[in-house]
Amino acid sequence: MAQGHKTGGRSKGTPNRKTRAVIDRLEAMGCDPIEGMARIAMDEAADLSIRAQMFKELAQYVAPKRKAIEITGEDGGPIKGEFSLAKWLDQHSGSTLGPPSER
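What you see is a predicted model, and the numbers here were worked out from it, not measured in a lab.

1. Description of unusual backbone geometry
Of note in this structure, Asp75 is not a glycine but carries a positive phi near 55°. Tracing the backbone through its elements, the reader meets Asp75 in the loop between α3 (48-59) and α4 (85-92). Given the relative accessible area of 78%, Asp75 is considered exposed.

Now the structure itself:
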């Protein structure tokens, strides 16, 4: 067994046989899945839900997915604080409670 050194196998970043076979077959057919998704996404005659799905899929290639973060209080416990509706109303004098036209 190698001591901390990789021996044999495929090099890092090299697709495995099945992946390579799929890529080769798509190339032989003249099929570019990314281009196909882009055409569907840009086709205004296509159903909006299909277009949205295509844009969602394509976005993965140009922007990283954001991970949810968890916010905790001290020592990983719950966040401690007080909220009083009466205090909030006093601070805002009720000014945010009316319709937007009256604010």
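Read on for the rest.
2. Considering the pattern of salt bridges
Within the structure shown, the criterion is met by two salt bridges. The salt bridge involving Asp24 is made with Arg20; its shortest N-O contact spans 3.0 Å. With Asp24 and Arg20 both in helix α1 (residues 17-29), this residue pair falls four residues apart, about one helical turn. Overall, the relative accessible area of 38% leaves Asp24 in the partly exposed class.

3. A few points about the packing of helix α2 (residues 33-42) against α3
α3 packs onto α2 with a crossing angle of 140° between their chain directions and a minimal axis gap of 8 Å. By the criterion of interaxial angle, the relationship of α2 to α3 is oblique. Handedness of the α2/α3 crossing: left-handed. Contact with α2, carried on its side by Ile34, Met37, Ala38, Ile40, Ala41 and Met42, involves Ile50, Arg51, Met54, Phe55, Glu57 and Leu58 of α3 and no other residues of that element.

4. Quick look at a nonpolar patch on the surface
A surface patch of nonpolar side chains, amounting to about 360 Å² of accessible area, comprises Ile34, Tyr61 and Val62. Its place among the elements puts Ile34 in helix α2.

Cut-offs applied
- Residues numbered from 1 in each chain as written.
- Predicted model: local features only at pLDDT ≥ 70, side-chain atom pairs only at ≥ 80, totals over all residues.
- Heavy atoms only, no water.
- Helix = DSSP H or I, 4+ residues; strand = E, 2+ residues; numbered from the N terminus.
- Buried < 20%, exposed > 50% of the residue type's maximum accessible area, 1.4 Å probe, protein only.
- Salt bridge = Lys/Arg side-chain N within 4 Å of Asp/Glu carboxyl O.
- Axes fitted to C-alpha atoms, helices over the stretch in contact; angles between N-to-C directions.
- Parallel < 35°, antiparallel > 145°, perpendicular 65-115°, else oblique.
- Left-handed = near helix turned anticlockwise from the far one by under 90°.
- Contact = heavy atoms within 4.5 Å.
- Patch = residues over 30% accessible without salt bridge, like charges linked within 9 Å, V, L, I, M, F, W, Y side chains within 5 Å.
- Areas by Shrake-Rupley, 256 points an atom, 1.4 Å probe, with all protein chains shown as cover.

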